[in-house]
There are 2 protein chains.
Amino acid sequence: MSTNTAALRPREDTGLAHRFARSAGSTGAGAQLRTDDFSGWLRDRKRAHRFRVERIPFAELDGWSFKANTGNLTHRSGKFFTVEGLSAHTGTGLVPQWQQPIIRQPEVGILGILAKEFDGVLHFLMQAKMEPGNPNLLQLSPTVQATRSNYTKVHRGADVKYIGYFVHPGRGRVLADVLQSEHGSWFFRKSNRNMIVETDEDVPLDEDFCWLTLGQIGELLRRDNVVNMDARTVLACAPTAYTEADALSSDTQLRSWFTAERSGHDVRAELMPLAQVADWVRDESVIEHVQGRYFRVVAVSVEADNREVGGWSQPLFEPSGIGVAAFVTRRIGGVPHLLAHAKLEGGFLDTVELAPTIQCTPSNYAHRMGPDRPSFLDLVLSADPSRIRYEALHSEEGGRFLKAESRYLFVEADESEAPLVPPPGYAWVTPGQLHSLTQHSHYVNVQARTLLAVLNTGAVTI
Amino acid sequence: MSTNTAALRPREDTGLAHRFARSAGSTGAGAQLRTDDFSGWLRDRKRAHRFRVERIPFAELDGWSFKANTGNLTHRSGKFFTVEGLSAHTGTGLVPQWQQPIIRQPEVGILGILAKEFDGVLHFLMQAKMEPGNPNLLQLSPTVQATRSNYTKVHRGADVKYIGYFVHPGRGRVLADVLQSEHGSWFFRKSNRNMIVETDEDVPLDEDFCWLTLGQIGELLRRDNVVNMDARTVLACAPTAYTEADALSSDTQLRSWFTAERSGHDVRAELMPLAQVADWVRDESVIEHVQGRYFRVVAVSVEADNREVGGWSQPLFEPSGIGVAAFVTRRIGGVPHLLAHAKLEGGFLDTVELAPTIQCTPSNYAHRMGPDRPSFLDLVLSADPSRIRYEALHSEEGGRFLKAESRYLFVEADESEAPLVPPPGYAWVTPGQLHSLTQHSHYVNVQARTLLAVLNTGAVTI
């Protein structure tokens, strides 16, 4: 039997959280850039490239067409993604059953951030990346944001820069690596690999990339539409430290509550032909709900010179209004708590995930009153500014969603508004409890992960 | 804002692992029964009841029939479960695509063990329960083993005893509560809730139940076919302590390896009509593979007097041979390690889960030679007795599977047989690492959980 002790290493790296905390504390300047100079840098990157996105009719999509037998919108390569129909029966909630268009993209992509120490402080290599659906086109994205089609060359375009650090184990040191779900309302069982890899190699710096500290990224998260969704979800999985030893529920109680929520839902969610989806209609340039609610499927053509390919066209989902995603917060016994919602979304792999207290598009509920409106929506919409600890507009993945903006908030509440014993389906959790669950798949949804990134980077203190 | 400190509690109960360790150390006697007297008690329970199970043709099933359009085997109530077809494409492995019959049972059942301290030692309330597929009919099961149909009375039978502790939160103290997958080769995306709930109430003792320590259950796990699968999977989730601080891979590296394994598989597994499944044939009393491999679908009638109903008939899956499920083990730097396999099973909700080093029915591979045989199968089958740290026959869930026995083993190996750098798809993990993953869903498969229960109860030391 081998007794080689050199092979062993500690199961937990207790120094790592401290290194992330130090990086979060560096807000004003990094090794490459002062935070105040970031806007200029991003403007320069925008000037350096030519982008044009315009709406087109479906018939002008290149390589995309509606299948004759199903009406599904597909690419001739069979790759990228398809727009199909979803039939969902949940038996509960404000809408117990429905049909809708949904994006199907079975392959797992990589969202990866490269990390490296400069002057003893962890920096993260962020990319100024254009996505056609971004409100301002150019946002700060992870080092690598690649579908398998990207990096296996279905695009027939250039290599994905820095991809080697994420697909060749052992080239760097993995600090985080977990599959996380994307929007369950728009994607059918989609998940991506969220990775942070540290290197001590010399890294050649491409002109569209910059090294930022966690604190600098936190400063940028206070601005509207700068840090993209892919960057936010990866940062939510960062091994930051939360030190609270006490909470309203023990970790075991919290997992038990979540298990009960997941067991309590009988969800039947199945793909169906897009052409047969009830209450949705298609004309030459849009697929939309008969009452104009939820979202529309549209098509765009894109001209760009700094992507893997110079130009392309594709479908996008365009929400019908600006969303709101907010955690209601309270300090309980001096310890910050967030009110999490076990939210059912038709496209989740497994029934429910933890969502912000409120997550919806308010205009979809403008016609509903009183108990037919989502819980806590009006509390958040009418919150006094003194209660708002954080507020910024962020947009969802610009490669699939067109101007899909939401107001992200932390809103402080009291016992009369958000009692210690919350309604069924809600639970008070500490930031540390929520964060520990992001180390595993299928617990925390993508909107809650955006708000967790705000916490991880120190952009809010609750 | 509330500042109520009384509401807080520690996130982790550090005393709990110690209480489980003390219970695991009590092997010879519990408050109710000496371990030596257990066989007599079980024999008495068997004598007290009348059971008869016999094979019948499908046409004699009461309430079950093959649907005209699909050939699916279903119950007229629409409840319990159905036998349908599965079409699986994995693109990898020894068998990259296949079709087979599979059990569909969407509802989440409860497997619950009630715990209580007697004389300062935790005891667990175990039931002598008859299941028609058990080789010896009567085995030791959890306090509660109930499908939702059971406890919501689809059976139109008696109440499920002690169910209140598991469906009414707050009646006891939850020590474990997690959804776990069942056999991915036989079930389509089935999971059950695995619960341990502690009470300090007086618990009226039904004559088919007995209180045993964890150590006593460990003693019984050394015997063939005494502790049933449902009890084993719950015990795998018990909050026992593993104290190793070091391992061959850090916890982050291990999760990263698992994420890569899960991302690397493109599995398409879909239900299909049973009548159209290729290479399987049906006669009046059996559905079987044309070459007699894998398993057969059969029907039985059951007479009993201590179940929720007195008699019934149902389909069962009957494997074609005795299985083997073994962890190959090594001490690395003095720390025990298990060689886990990221195993793809067609019925898993999410591609792969961690399985024992080898898990298969050897007779299915009798016709295959050399590299076409599963890795490590011959190492385990030909292991010298001095290397076998544990061996027992256990059967799978007797409510669905007929005489589905496997030899469960821990087999010690050396560098020449099981190198520190294992083949792709395998990783060395410590018992503590494997155990920490059972606190979350979809990581550790049911066969690996049986072997973990053997470790948790102290039935083996590696």
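The rules behind these values
Position numbers for residues count from 1 along each chain, tracking the sequence in the order it is written. A letter from A marks each chain and a number from 1 marks each ligand, given out in the order of writing. Since the coordinates come from a predicted model, pLDDT governs what is reported: local features require at least 70, and pairs of side-chain atoms require 80 or more to be given and counted, while whole-chain, interface and lining totals use all residues. With hydrogens and water excluded, all non-hydrogen atoms of the structure serve as input to the side-chain values. Superposing copies: least-squares fit, C-alpha atoms only, residues required to have pLDDT of at least 70 in both. The criterion used for residue contact is that any of the two residues' heavy atoms lie within 4.5 Å. Using only the protein atoms, space was sampled on a 1 Å grid; points where a 1.4 Å probe fits but cannot get out form cavities, open sets with protein on both sides within 12 Å along at least five of seven lines form pockets, and lining residues are those with an atom within 4 Å of a point. Grid points are joined across faces, edges and corners, and a volume is the space filled by probe spheres set on the points. The numbering of helices and of strands both runs from the N terminus, where a helix is a DSSP run of H or I of at least 4 residues and a strand a run of E of at least 2. Type-normalised accessible area, obtained with a 1.4 Å probe on protein chains alone, sets the label of each residue: buried when under 20%, exposed when over 50%, and partly exposed for intermediate values. Basic side-chain nitrogens of Lys or Arg form a salt bridge, by our definition, when they fall within 4 Å of a carboxyl oxygen of Asp or Glu. Here a polar contact is taken to be a pair of N or O atoms separated by no more than 3.5 Å, where protein atoms must pair a possible hydrogen donor with a possible acceptor and residues adjacent in sequence count only if both atoms sit in side chains. Note on aromatic contacts: the rings of Phe and Tyr and the six-membered ring of Trp form a pair at centre separations within 6.5 Å, being stacked when their planes are under 30 degrees apart, edge-to-face when over 60 apart, and tilted otherwise. Only Lys NZ and Arg CZ are tested; either one counts as a charge over a ring when it is within 6 Å of the ring centre and within 35 degrees of the ring normal. Here the axes come from fitting lines to C-alpha atoms, over the contacting stretch only for helices, and the angles between their N-to-C directions go from 0 to 180 degrees. Should an angle fall under 35 degrees it is called roughly parallel, over 145 degrees roughly antiparallel, and 65 to 115 degrees roughly perpendicular, with every other angle called oblique. Put simply, a crossing is left-handed when the front helix is turned counterclockwise from the back one by less than a right angle, and right-handed when it is turned clockwise. Side-chain classes are defined by residue name, with Ala, Val, Leu, Ile, Met, Phe, Trp, Tyr, Cys and Pro counting as nonpolar, Asp, Glu, Lys and Arg as charged, and the others, Gly among them, as polar. Put simply, buried area is how much 1.4 Å-probe accessible surface two parts lose in total, over both of them, once they are put together. For two strands to count as paired, DSSP must find a minimum of two bridges between them.

## Some details on the relation of the copies chain A and chain B
Mapping between the two copies of the chain is achieved by a rotation about an axis and a shift along the axis.
Line of reasoning, step 1. In the superposition of chain A on chain B (RMSD 0.0 Å, axial shift 0.0 Å), the rotation amounts to 180°. Both chain copies can therefore be described as sitting about a two-fold axis.
Line of reasoning, step 2. A share of 100% of the interface residues of chain A reappears at the interface of chain B, consistent with the copies meeting face to face through the same patch.

## Regarding empty space enclosed by the protein
Line of reasoning, step 1. This model, assessed by the stated rule, comprises four cavities of 30 Å³ or more.
Line of reasoning, step 2. Considered as a void within the structure, the largest cavity measures approximately 240 Å³ in volume.
Line of reasoning, step 3. If you go around the largest cavity, you meet 24 residues; those closest to its centre are H440 and S441 of chain A together with H440, S441 and Y443 of chain B.
Line of reasoning, step 4. Mapped by element, the contributors of at least two residues to the lining of the largest cavity are strand 11 (173-181) and helix 7 (251-263) of chain A together with strand 11 (173-181) and helix 7 (251-263) of chain B.

## Re unusual backbone geometry
Line of reasoning, step 1. Although it is not a glycine, R189 of chain A adopts a positive phi angle of roughly 50°.
Line of reasoning, step 2. If you trace the backbone, R189 of chain A turns up in the loop between strand 11 and strand 12 (191-198).
Line of reasoning, step 3. Phi is positive for T351 of chain B, which is not a glycine, with a value near 55°.
Line of reasoning, step 4. Mapping T351 of chain B onto the fold places it in the loop between strand 21 (335-344) and strand 22 (352-355).
Line of reasoning, step 5. Overall, T351 of chain B belongs to the buried group, its relative accessible area being 12%.

## Structural notes on the pattern of salt bridges
Line of reasoning, step 1. This structure, assessed with the given rule, holds 63 salt bridges over all chains.
Line of reasoning, step 2. Linking E244 of chain B and R11 of chain A is a salt bridge whose minimum nitrogen-to-oxygen distance equals 4.0 Å. Taken together, the positions of E244 of chain B in the loop between helix 6 (229-236) and strand 14 (246-247) and R11 of chain A in the loop between strand 1 (9-10) and helix 1 (14-25) put the pair across two chains.
Line of reasoning, step 3. By relative accessible area, which is 12% here, R11 of chain A ends up buried.
Line of reasoning, step 4. In this structure, E54 of chain B engages R52 of chain B in a salt bridge whose closest nitrogen and oxygen atoms are separated by 3.7 Å.
Line of reasoning, step 5. Here R52 of chain B falls in the partly exposed class, since its relative accessible area comes to 48%.

## Considerations on helix 6 (residues 229-236) of chain A
Residue and element names in this part refer to chain A.
Line of reasoning, step 1. When you tally the buried positions in helix 6, you get eight out of eight residues, the bulk of the element.
Line of reasoning, step 2. Residues of helix 6 that are buried: M229, D230, A231, R232, T233, V234, L235 and A236.
Line of reasoning, step 3. Of the residues that open helix 6, the one with a side-chain oxygen 3.1 Å from the backbone nitrogen of D230 is N228.

## Considerations on the packing of aromatic side chains
Residue and element names in this part refer to chain A.
Line of reasoning, step 1. Here the structure, examined in full by the defined rule, presents 30 aromatic pairs over all chains.
Line of reasoning, step 2. Taking 4.9 Å as the distance between ring centres and 70° as the angle between the ring planes, the aromatic pair formed by Y162 and F209 counts as edge-to-face. Here Y162 is found in the loop between helix 3 (148-151) and helix 4 (164-167), whereas its partner F209 is found in strand 13 (residues 209-213), with 47 residues between them in sequence. When sorted by exposure, Y162 lands in the same class as F209, which is buried.
Line of reasoning, step 3. Taken together, W186, F187, W280, F295, F317 and F401 form an aromatic cluster joined through their ring pairs.
Line of reasoning, step 4. Across from the ring centre of F118, 5.6 Å away, lies the NZ or CZ of K116, which sits over that ring.

## Some points on the packing of helix 6 of chain B against helix 10 (residues 446-456) of chain B
Residue and element names in this part refer to chain B.
Line of reasoning, step 1. Close contact between helix 6 and helix 10 brings their axes to 7 Å; oriented N to C, the two are set at 70°. With respect to their mutual orientation, helix 6 and helix 10 come out roughly perpendicular. For the element pair helix 6 and helix 10, the recorded crossing hand is left-handed. For the pair helix 6 and helix 10, contact is made by M229, R232, T233, L235 and A236 and by V446, R449, T450, L452, A453 and N456, respectively.
Line of reasoning, step 2. A breakdown of the residues in the contact of helix 6 with helix 10 according to their chemical character gives six nonpolar, three polar and two charged.

## Overview of the interface of chain A and chain B
Line of reasoning, step 1. With 63 residues of chain A in contact, the opposing surface of chain B contributes 63 residues.
Line of reasoning, step 2. Both sides of the chain A and chain B interface together cover about 5,100 Å² of buried area, and 49% of this is carbon and sulfur.
Line of reasoning, step 3. Remark: the boundary between chain A and chain B carries six salt bridges.
Line of reasoning, step 4. With its nearest N and O atoms 4.0 Å apart, the salt bridge here joins E270 of chain B to R104 of chain A.
Line of reasoning, step 5. Linking chain A with chain B are 23 residue pairs in polar contact (both at pLDDT 80 or more), by the criterion used here.
Line of reasoning, step 6. Counting only elements with at least two residues in the side of chain A that touches chain B, the list comes to strand 1, strand 11, strand 14 (246-247), helix 7, strand 20 (323-332), strand 21 (335-344) and helix 9 (431-437) of chain A.
Line of reasoning, step 7. Ranked by residues supplied to the side of chain A that touches chain B, first place goes to helix 7 of chain A with nine residues.
Line of reasoning, step 8. Pairing geometry for strand 1 of chain A and strand 14 of chain B, over two bridges, is antiparallel. Residue pairing in the sheet places R9 of chain A in a bridge with A247 of chain B of strand 14 of chain B.

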